[in-house]
Every structure is written in C-alpha cells, then in structure tokens.
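# Architecture and fold: a report
Residues per chain are reported as follows:
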Amino acid sequence: QAQLVESGGGLAQDGGSLRLSCAASGLTFSRYAVGWFRQAPGKEREFVAAISWNGGYTAYADSVKGRFTISRDNSENTVYLQMNSLKPEDTAVYYCAANPSPFASDSSADKYAYWGQGTQVTVSS
C-alpha cells in the first residue's frame, strides 16, 4: 500500500526558513514524479512545486519561484521542499503527492495518484 508522509512543518517568522520532507513507502519511488501542493484556510488547493523521477525536471509556482527549492533523494525515498524567505501568505497545509508519470512535473492535482496527509506551515508577521 503506497503511503506518503510529510514532516517538517511548523511555525516560522516572516523571512525565515523551513524544510519539508515527504517520505514514501509501498511504491517504487524512482518511478514517480512528486509534487508539493498547499491549501490555505478558505482557499482552493494550489500547486507549489514538482520534480521528475531523477530531479532532471522541476517546476514552480510563480509565487514561490526563487524562494523554494524542490529536491529528492531516491536512495532515501524522500522528496524535500526547502522554503526560504517565507511570507505570511505561505501559511497553509502542505501536501506531497506522487505522479505515476515519472518524467512529468505537472501542476495539475488530478495527475497525482497518491497523497500524504499534510503538514501545517504557519508564517508569522
């Protein structure tokens, strides 16, 4: 049974940093692209970043480009999201998801087959 577990969320100050991790089990991790999405209270879920199976392709939402970096370690079955220069508007629950198209870096949530339970990120001003 495929499972994704996010960690690393918490409270950060405006301008601070956090690193999220997404640990996968129950699937051949290197055969999947992985994406990060977020959902703030009262708002729809939105794409944040995605990475192809070997890290060769990455994509970012305009709102996080230059501040967030997605990476992966297939030997550890883990994807990371390094978040720098955090802003209060980054406050949301962050989800990782696995896309069975390994070369993709899709921003569409419907391309992703497996989802984690989410981790809360709160940025105070």
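One can find the structure itself at the top, above this paragraph.
If you're wondering where the values come from, they're calculated on a predicted model, not measured in any experiment. (Residues numbered from 1 in each chain as written. Predicted model: local features only at pLDDT ≥ 70, side-chain atom pairs only at ≥ 80, totals over all residues. Heavy atoms only, no water.)

### A look at the sheet that holds strand β1 (residues 3-7)
Either a parallel or an antiparallel arrangement is found when strands of a sheet pair, and the pairing is made through backbone hydrogen bonds. As a reminder of what qualifies: For two strands to be treated as a pair, DSSP must find no fewer than two bridges joining them. Runs of E in the DSSP output that reach at least two residues are strands. Runs of H or I that reach at least four are helices, and both are numbered from the N terminus. In this analysis an axis means a line fitted to C-alpha atoms, helices contributing only their contacting stretch, and an angle means the value between N-to-C directions, from 0 to 180 degrees.
Spatial strand order, β1-β3-β8-β7: four strands in an open sheet with antiparallel pairing. In this open sheet, the two strands that pair with only one neighbour each are β1 and β7 (68-73). When strand polarity is set aside, the average angle formed by the axes of neighbouring strands in this sheet is 15°. Strand direction decides the pairing type here: β1 and strand β3 (residues 18-25), joined by five bridges, are antiparallel. Paired with V5 across the bridge in β3 is A23.

### A look at unusual backbone geometry
Applicable threshold: Remark: exposure states derive from per-residue accessible area (1.4 Å probe, protein chains only) relative to the maximum for the residue type, with buried under 20%, exposed over 50%, and partly exposed in between.
With a phi angle near 50°, N77 is a residue other than glycine that sits in the positive phi range. By the element assignment, N77 lies in the loop between β7 and β8 (78-83). Looking at N77, the relative accessible area reads 26%, which means it is partly exposed. Despite not being glycine, S85 has its phi angle at roughly 50°, a positive value. Relative to the assigned elements, S85 resides in the loop between β8 and β9 (92-99).

### Description of the environment of S107
For the record, the criterion: In this description, contact between two residues means that some pair of their heavy atoms is separated by no more than 4.5 Å.
With respect to the helices, strands and loops of the structure, S107 is situated in the loop between β9 and β10 (114-115). When the C-alpha atoms of S107 and G35 are compared, they prove to be 7.7 Å apart, with 72 residues separating the residues in sequence. If sequence neighbours within four positions are ignored, S107 has contacts with F37 and F47.

### Topic: the side chain of R38
Stated precisely, the cut-off is as follows: As used in this structure description, the phrase polar contact means that two N or O atoms lie within 3.5 Å; if the pair is within protein, one of them must be able to donate a hydrogen and the other to accept it, and residues adjacent in sequence are counted only when both atoms belong to side chains.
Mapped onto the elements of the fold, R38 is located in strand β4 (residues 33-39). Given the relative accessible area of 5%, R38 is considered buried. Within the structure, R38 has its side chain in polar contact with the side chain of D90 (distance 2.9 Å). If we ignore the near neighbours within four places in the chain, the residues touching R38 are E44, R45, E46, V48, S63, V64, F68, E89, D90, A92, V93 and Y94.

### Digging into the state of the cysteines
The following threshold applies: Pairs of cysteine sulfur atoms within 2.5 Å are identified as disulfides in what follows.
Going through the model one piece at a time under the given rule, you end up with one disulfide. What pairs with C22 in a disulfide is C96, and their sulfur atoms sit 2.1 Å apart. The S-S bond linking C22 to C96 shows a torsion near 65°; that makes this disulfide right-handed. Of this pair, C22 sits in strand β3 while C96 sits in strand β9; the two residues are 74 residues apart in sequence, bridging distant segments of the chain.

### Describing the pairing of strand β5 (residues 46-51)
Working note: regular strand, side chains alternate between the two faces of the sheet. With five of six residues buried, β5 lies mostly within the body of the structure. Bridge analysis of β4 against β5 gives five bridges, and the strand direction is antiparallel. Paired with R38 across the two strands is E46, which belongs to β5. Pairing of β5 with strand β6 (residues 58-60), which is carried by three bridges, proceeds in the antiparallel orientation.

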